[in-house]
Amino acid sequence: MKKMQYIFWSAVFMVGVLNTASAQTGKELEITSSFKPVMREASKISFNAQPPTKDTSKPRLTYNIPAQQLAFNYQTAILNPLAFSNAGGSSWENTSFVKVGVGNVHLPYAKAGLSFGNGENAHLNILAEHISSKGDIKYQQHHQTDVQAIGTYRNQNNMEWMGSVGYKRHQFNYYGYDQNLYNMYTKEDVKQLFQTIEGQLSLRNLQQTATGFNYQPSIKVSTFSDYPATSAKETNLVFYAPVEKYFNDEFGIQASLLADYTTYKNPTGLINKDQNLSLYQIGLNALYKSESVFIKAGVLPSWDNKELKFMPNITADITTASQRFTVQLGWIGYYNKGSYQRFSTMNQWINRPDSLLNQSIIERFIGVKGSVGDHLTFSAKGGVHTYRNTPLFVNDGLDGKTFLTRYEPKMNVIQIKSELGYTVGERANIKAGVEWNNFRGLEDNKRAWGMIPLQFNLGLGWQPVKDLMLNLDLNAWDGPRYLKANDDFKGDAVMDLGFGASYKLTKNIEAWFRANNLFNQEYQRWNQYNTYGFNILGGVVIYFNQKK
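Explain the overall build of the chain to me, please; I cannot follow it from the model alone.
Secondary structure summary: the chain contains two helices and 27 strands in total. Within the span of the chain, comprising 548 residues, buried residues form 37% of the whole. Looking at the chain alone, contacts between residues at least 24 apart form 56% of all its contacts between residues at least 6 apart.

Written out as C-alpha cells, the structure reads:
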C-alpha cells in the first residue's frame, strides 16, 4: 500500500513539473502511461499425473491344455434341462421341452423336462420319462417310468447346494422259457417289478477358500424293492467327502472319506435272510502337475466288511510340448458295490441273490491318447487287471427264465481297448471303439458266464443341410459263454445297426425318427431272451422357454 502511495505522489509531482516547464516554453506535452494496476492471479495447485513404476518381473504363465478329444453321442437327441454345474457367475437359462412318439413296438413313448428358477442363484429341473414296449413273443413286455427333480442353490458365502430326489418303476416279464412246455404260466407268474426311491444332497465351494481348499461332500440314500408281496428290500446309504489343496502351482494333496452301508432283507433267501454290507475308505494322494506332467500317487485303505485291504492309486499323464500326444500310466484299485439294485441294472431278469459281496478291481495299464491335425483324435489302452468277487449270472436249473448270481473269487483280465474319432465342425462326426477282454485264471467257475469278450461300436453323425441331422450307429459283439444245466456253450455273434434322423420344422418344433435293428436279427444278450426285431419309433419334440 505504501508503495502504491509513493508511486501516486511521484506521478503528481512529475505532472506539476512538466506543466511548469510547458508554461515557460509555451509547448504542450502529452504523457501516456503504460502502467495499469491489476490484481495478481491466485496461486493454483498443479496436478501432474505420474506414470506407474514399470514392472520388470516376468510372470510365470503355466497352461495345462489337454489334447482336444471331442466325443459325441450320435443319436437322435434333445436338450435335457439338467442342472448346470457352473463355478462362475453367469446366469441360468430356463428351457423346457416335451417329446412324444409311437412305433410298432414302443407304445407309447413320452419324455418331458421342465426348468424353473430366477436365473441367478436358484434353479430347479424336473425330468420325466415313460416307455412301454411289446414284442411278438408271449409276455414280451416292458414298462419303464423315471421321474427326477434336481435343485441347485447358490448362497452369498461362496457355496452351492445341490439336491435331487427320484423315483423309478421298471416292470419286466420273465418270458425266456419254453412256452410250449411251460404253458401254464400266467402273466402274474412271470411279472417282475423293481422300484427305487432315492435322494441326494451335496455341497461345494465355487471358489477356493482363503486357505486354498476345494471340497464337495455329498450324501445319498436309496431304497430298492422288487414285486412280490414278500418282496426283498434293500437300503443304501453313501457318504463321500473329497478335499483338495494345492500349495503352489505344482504340488498339492487330495484326501477323501467314503462310507457305504447297505442293508438287504430277503425273506426267501436260502443262506442269508438279512444281511448288512459295509465299505469304508480313507484316501490320501499327493499331486504334482507341470506343463507336461500330471502325477497322482497315493494309497486307499479300505475296510470291506471289516476286512482291511490297501488299494493302490497311482496314475501319470505325460504330455508333449504341443499338447497333442499323452502317455498314460496307472496302477489303481477300487470297489464296485455289491447290491441287488446294481445287479438288476446289469441283468434285469435276475433272481434275488442269496448273498451280496463287494467286487474289488485292481487295474495295471498303459495307454496313449492324442490328436492329429484339427479333426482326428485317438486313444488306446492295454492292461492286466485282477477281479475279485465278480458277479456272474447263469440260468436257473428249472425252466431257465431267471438268472442266479454266482461269485468268482478271483480272475485275471487282459484288456485292450481303443477309440478313434473324426470331426468336421458341426457338420460331420464319426467315432469308433473296440474292446477285447481275455478272462483267465478263474478259480471256481469254468468260464466268465455272461461277460462279453469282444465288442465294437461305431457312431456317425452328418448334417447335410441346415436343420437336418442324420445319425447311424452300429453295435456288435462276440457271443459270451453261458451255462445251462451244466452245459457250457457260446452265444451267437451280434450286429445291431440303427438309423436316426431329426428335422427342425420351426424354432420350437422338431420332428424325429428312429429305426433299430435294421438287420432284423432277433439276437440274445442274455440266454433264452430274444430281443425285439426290426422296430421303428418317431414323433415330435416341442421346446419352450420360461424366461422372465
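Past the structure itself, the notes keep going.
Please explain the confidence of the model for the chain as it appears in this structure.
Note that predicted coordinates carrying low pLDDT should not be read in detail. Residues with a pLDDT of 70 or more make up 82% of the chain, whose mean pLDDT is 85. Low pLDDT (under 50) marks residues 17–27, which in the prediction has four contacts with non-local residues, meaning those over four places away or in another chain. The model gives residues 41–49 a pLDDT under 50, and that stretch makes zero contacts with residues more than four places away or in other chains.

I tried to follow the side chain of Ser222 on my own but got confused; where do I start?
Relative to the helices and strands, Ser222 resides in strand 8 (residues 218–225). Of the residues examined, Ser222 reaches a relative accessible area of 5% and is grouped as buried. At 3.4 Å, the side chain of Ser222 forms a polar contact with the side chain of Gln341. Ignoring sequence-local partners within four residues, the contact set of Ser222 consists of Ile197, Glu198, Glu234, Thr235, Asn236 and Gln341.

Even after reading the chapter, I still don't get the pattern of salt bridges, so can you show me in this structure?
Pairs can form between side chains of opposite charge whenever their charged atoms are close. Evaluated as defined, the whole model comprises 14 salt bridges. Put simply, Asp399 and Lys401 hold a salt bridge, and the shortest N to O gap is 2.8 Å. In this structure, Asp399 and Lys401 share a single accessibility class: buried. For Arg447, the salt bridge is made with Asp488, and the minimal N-O distance between the two is 3.2 Å. Taken together, the residues span a long stretch of sequence, with Arg447 in the loop between strand 18 (428–440) and strand 19 (454–462) and Asp488 in strand 22 (residues 487–490) at a distance of 41 residues. Among the charged side chains, a network of salt bridges with common partners joins Lys446, Arg447, Arg481 and Asp488.

What's the story with the packing of aromatic side chains in this structure? I'm lost.
The description of two aromatic rings rests on the distance between their centres and on the angle between their planes. Going through the model one piece at a time under the given rule, you end up with 21 aromatic pairs. Here Tyr264 and Tyr340 contribute two aromatic rings whose centre-to-centre distance is 6.0 Å and whose plane-to-plane angle is 75°, an arrangement assigned as edge-to-face. With Tyr264 in strand 10 (residues 251–265) and Tyr340 in helix 2 (residues 340–346), the pair connects residues that are 76 residues apart, well separated along the chain. Accessibility expressed as a relative area gives 0% for Tyr264, which makes it buried. Residue class for Tyr340 comes out buried when judged on its relative accessible area of 0%. A ring pair is formed by Phe393 and Trp526, whose centres lie 5.8 Å apart and whose planes are at 85°; its orientation type is edge-to-face. Highlighted residues: Phe393 in strand 16 (residues 376–395) and Trp526 in strand 25 (residues 524–526), separated in sequence by 133 residues. Owing to a relative accessible area of 3%, Phe393 belongs among the buried residues under this scheme. In this structure Trp526 comes out as buried when scored by relative accessible area, which is 7%. For Lys289, the ring lying beneath its charged end belongs to Tyr246, and the centroid distance is 4.4 Å. Lying over the aromatic face of Phe365, Lys381 brings its terminal NZ or CZ to 4.5 Å of the ring centre.

Teacher, can you tell me more about the pairing of strand 16 here?
In terms of strand pairing, strand 15 (residues 359–372) meets strand 16 through 13 bridges, oriented antiparallel. Residue pairing for strand 16: Ser371 is matched across the bridge by Thr377. Here strand 15 folds back onto strand 16, and the loop between the two strands holds three residues, one of which, Gly373, carries a positive phi near 70°. With 19 bridges joining them, strand 16 and strand 17 (residues 403–424) adopt antiparallel strand pairing.

Sorry, what's going on with the environment of Asn429 here?
Following the sequence through the fold, Asn429 ends up in strand 18. Note on Asn429: relative accessible area 6%, which makes it buried. Distance in space between the C-alpha atoms of Asn429 and Trp462 is 6.5 Å, their sequence separation being 33 residues.

Would you mind showing me how to read the environment of Pro353 here?
Assignment of secondary structure puts Pro353 in the loop between helix 2 and strand 15. Of the residues examined, Pro353 reaches a relative accessible area of 1% and is grouped as buried. Not counting the four nearest positions on each side in its chain, Pro353 is found in contact with Tyr264, Asn266, Tyr340, Phe343 and Thr405.

Sorry, what's going on with the nonpolar core here?
It is characteristic of soluble globular proteins that their nonpolar side chains tend to be buried jointly. One finds Tyr340 and Trp349 to be the most contacted residues of the largest nonpolar core, which totals 23 residues. Sorting the residues of this core by element identifies helix 2 and strand 17 as the ones contributing at least two each. Not counting residues up to four positions away in its chain, the partners in contact with Tyr340 are Gln192, Phe194, Phe224, Asp226, Ala232, Glu234, Tyr264, Ile350, Asn351, Arg352, Pro353 and Leu356. Core analysis: the second largest hydrophobic core is formed by eight residues, Leu127, Ile131, Leu537 and Tyr543 among them.

Cut-off values and rules
- Residues numbered from 1 in each chain as written.
- Predicted model: local features only at pLDDT ≥ 70, side-chain atom pairs only at ≥ 80, totals over all residues.
- Heavy atoms only, no water.
- Helix = DSSP H or I, 4+ residues; strand = E, 2+ residues; numbered from the N terminus.
- Buried < 20%, exposed > 50% of the residue type's maximum accessible area, 1.4 Å probe, protein only.
- Contact = heavy atoms within 4.5 Å.
- pLDDT = per-residue confidence, 0-100.
- Polar contact = N/O pair within 3.5 Å; in protein donor to acceptor, adjacent residues only side chain to side chain.
- Salt bridge = Lys/Arg side-chain N within 4 Å of Asp/Glu carboxyl O.
- Phe/Tyr/Trp six-rings, centres within 6.5 Å; stacked < 30°, edge-to-face > 60°.
- Lys NZ or Arg CZ within 6 Å of the ring centre and 35° of its normal.
- Pairing = 2+ DSSP bridges.
- Core = buried A, V, L, I, M, F, W, Y, C linked by side-chain atoms within 4.5 Å.

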